[in-house]
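# Reading the structure
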Amino acid sequence: AKNSGRNQYCFYHASAGQQNVDELKLEQALREALRLQQLDVYYQPKFTLDSQQLVGLEALVRWQHPQLGVMSPALFIPLAEKLGLISTLGEQVLQRVCLQLTQWHNCTIPVSVNISALQLADSEFVTRLHHIIRLADVPPQRIELELTESCLIPEQAEQTQYQLTQLKALGFKLSIDDFGTGYSSLSYLRRLPIDTLKIDQSFVRDLPDNPGACQIVSAIIAMAKALGLDVIAEGIEHQQQLEFLRQAGCNQGQGYLVSAPRPAQEFAPLFKADITE
Ligand code: C2E
Ligand code: CA
Ligand code: CA
Ligand code: CA
């Protein structure tokens, strides 16, 4: 035990130093990428579970690091949040999506954009969002905002409710992402002008063999229905998961089973009118 303790110390020591260097490099690279607007956006289809009809797209940011290759947002989003760059990043993603929508003449389905809790903390958030889509001449109805349940922290309940009400009044669609992983109370949820609950992939992953996951998923679906909300499941990889969800009354989904996130140009044949090319 003594021995392994010493090894562990060496391990942490070495990697902590390494991590600082790497994080500094990463930080500089991320600032540079934002300055040069180099971030890219992929799109993942949302579809109906019965007939696999395309009903929406989710915009997911991608970063091709010059040395490290394609970086996971799970890594650089927290970094952007830590560095105070998340609003800039989020606004660049929204701008990119708006530009895409003006080019996809035939795209009538809504595109959703992920919003970090820290963006909501900015009192100018609603104004800036509205400004971006107005400049791009994109109607708010075409944009859905995915807010994680962590956006709904009780300490900011009043400000959040106010912002969401404004966004809703402007015409944005609102969805609660990763639903089931946070602590939002039913009474709080009921007061928010949201359209959709998105069942977190951690529950979907364990369908249909894990009774706990099955019960949670069924409960979320029932709750969404009781509140008059749409419900969508993310992370569907297997036919059995889709089947369970469908039978439980969930009518929309997203996941590798139907499509992973894909680069924008792959949707061009679907959404671009050939009249004015
Ligand atoms: P999320 O919003 O929950 O997005 C779902 C994640 O699951 C995406 O990972 C997606 O590629 C992945 N995924 C989709 N289908 C499947 C599946 O069938 N199985 C599995 N295992 N995974 C699947 P991605 O693109 O790496 O994004 C990770 C997270 O980064 C997102 O989670 C979101 O929280 C954040 N993110 C991505 N883009 C943005 C953005 O523009 N702004 C903000 N604030 N956050 C973003
Ligand atoms: Ca999302
Ligand atoms: Ca999610
Ligand atoms: Ca997630």
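Since the model is a prediction, treat every value here as computed from it, not as a measurement.

Cut-off values and rules
Residues numbered from 1 in each chain as written. Chains lettered and ligands numbered in written order. Predicted model: local features only at pLDDT ≥ 70, side-chain atom pairs only at ≥ 80, totals over all residues. Heavy atoms only, no water. Salt bridge = Lys/Arg side-chain N within 4 Å of Asp/Glu carboxyl O. Helix = DSSP H or I, 4+ residues; strand = E, 2+ residues; numbered from the N terminus. Buried < 20%, exposed > 50% of the residue type's maximum accessible area, 1.4 Å probe, protein only. Pairing = 2+ DSSP bridges. Right-handed = clockwise from strand over helix to strand, strands pointing away. Donors = N, O, S within 2.8 Å, 3.2 Å for Na, K, Ca; no water. Near = heavy atom within 4 Å. Polar contact = N/O pair within 3.5 Å; in protein donor to acceptor, adjacent residues only side chain to side chain. Areas by Shrake-Rupley, 256 points an atom, 1.4 Å probe, with all protein chains shown as cover. Disulfide = S-S within 2.5 Å. pLDDT = per-residue confidence, 0-100. Axes fitted to C-alpha atoms, helices over the stretch in contact; angles between N-to-C directions. Parallel < 35°, antiparallel > 145°, perpendicular 65-115°, else oblique. Left-handed = near helix turned anticlockwise from the far one by under 90°. Contact = heavy atoms within 4.5 Å. Nonpolar A, V, L, I, M, F, W, Y, C, P; charged D, E, K, R; others polar.

### Some points on the pattern of salt bridges
Inspection of the entire model under this criterion finds 13 salt bridges. Across the salt bridge formed by Glu 27 and Arg 31, the nearest N and O atoms sit 3.2 Å from each other. Of this pair, Glu 27 and Arg 31 both sit in helix α1 (residues 2-35), four residues apart, which is roughly one turn of that helix. Overall, the relative accessible area of 38% leaves Arg 31 in the partly exposed class. Salt-bridge contacts for Glu 243 lead to Arg 246; the nearest nitrogen and oxygen are separated by 2.6 Å. One end of the pair is Glu 243 and the other is Arg 246, both in helix α10 (residues 239-248) and three residues apart, which spans about a single turn. Relative accessible area serves as the criterion here: at 35%, Arg 246 is assigned to the partly exposed category.

### Structural notes on the pairing of strand β1 (residues 40-48)
Taken across its nine residues, β1 has seven buried, putting it largely inside the fold. Linking β1 to strand β2 (residues 54-65), which pair antiparallel, is a turn of five residues; within it Gln 52 sits at a positive phi near 50°. In the sheet, β1 pairs with strand β10 (residues 262-263) via two bridges, with the strands oriented antiparallel. Note on β10: the bridge partner recorded for Tyr 42 is Pro 263. Alignment of β1 against strand β9 (residues 252-253), held across two bridges, turns out to be antiparallel. Pairing of Phe 47 across the sheet is with Gly 253, part of β9.

### So, the pairing of strand β8 (residues 230-233)
Where strand β7 (residues 196-199) meets β8, four bridges bridge the pair, whose relative direction is parallel. Bridged to Leu 197 within β8 is Val 231. Bridge analysis of β8 against β9 gives two bridges, and the strand direction is parallel. Across the sheet, Ala 233 pairs through a bridge with Gly 253, a residue of β9. Read as a crossover between parallel neighbours, the route from β8 over α10 to β9 is right-handed.

### With respect to the coordination of the calcium ion (ligand 3)
Ligation of the calcium ion (ligand 3) by protein atoms is provided by Asp 177 (OD), Asp 178 (OD), Glu 234 (OE) and Glu 234 (OE), these donors lying 2.2 to 2.4 Å from the ion. Mapping the donors of the calcium ion (ligand 3) onto the primary sequence gives the spacing D-D-x55-E. The calcium ion (ligand 2) is placed at 4.0 Å from the calcium ion (ligand 3), the two being bridged by Asp 177. With a gap of 57 residues between them, Asp 177 in strand β6 (residues 173-179) and Glu 234 in the loop between β8 and α10 connect regions that are remote in the sequence.

### Let's talk about the site of ligand 1
Around ligand 1, 20 residues are found, and the nearest of them are Gln 44, Arg 62, Gln 201, Glu 237 and Tyr 256. One nitrogen or oxygen atom from the side chain of Asp 178 is found 3.3 Å from an oxygen atom belonging to ligand 1. Look at ligand 1: alone it shows 800 Å² of surface, and the protein chains cover 83% of it. Those elements that provide at least two residues to the shell around ligand 1 are β2, α2 (73-82) and β6. Looking at the shell around ligand 1, the element that brings in the most residues is β2, giving four residues.

### Some thoughts on unusual backbone geometry
The peptide bond linking Leu 207 to Pro 208 adopts the cis configuration, its omega dihedral lying at -5°. Of note in the backbone geometry, Gln 37 takes a positive phi value of approximately 50° without being a glycine. Residue position: Gln 37 is located in the loop between α1 and β1.

### Structural notes on the state of the cysteines
A full pass over the atoms with the stated rule returns zero disulfides. Among the cysteines around Cys 214, which has no disulfide bond, Cys 250 carries the closest sulfur, lying 13 Å off. Judged by its relative accessible area of 11%, Cys 214 is buried. We classify Cys 250 as buried; its relative accessible area is 2%.

### Examining the coordination of the calcium ion (ligand 2)
Around a metal, the idealised angle for a tetrahedral arrangement of four donor atoms is 109.5 degrees; for an octahedral arrangement of six donor atoms it is 90 or 180 degrees. Donor atoms from the polypeptide that coordinate the calcium ion (ligand 2) comprise Glu 58 (OE), Asn 114 (OD1), Glu 146 (OE) and Asp 177 (OD), at 2.2 to 2.3 Å from the metal. Each donor residue of the calcium ion (ligand 2) lies on one chain, and together they are spaced E-x55-N-x31-E-x30-D. For Asp 177, a relative accessible area of 6% gives the class buried.

### Quick notes on the confidence of the model for the protein chain
Within the protein chain, residue pLDDT values average 90, and 91% of them lie at 70 or more. Taken together, the chains of this predicted complex give a pTM of 0.92 and an interface ipTM of 0.98.

### What about the packing of helix α3 (residues 86-103) against helix α5 (residues 125-135)?
Between α3 and α5, the shortest axis-to-axis distance is 9 Å and the interhelical angle comes to 25°. Relative to α5, α3 is oriented roughly parallel. Our pair here, α3 against α5, has a crossing hand that is right-handed. Contacts between α3 and α5 involve Glu 91, Leu 94, Gln 95 and Cys 98 on the former and, on the latter, Arg 128, Leu 129, Ile 132 and Ile 133. Residues of the contact of α3 with α5, tallied by class, amount to five nonpolar, one polar and two charged.

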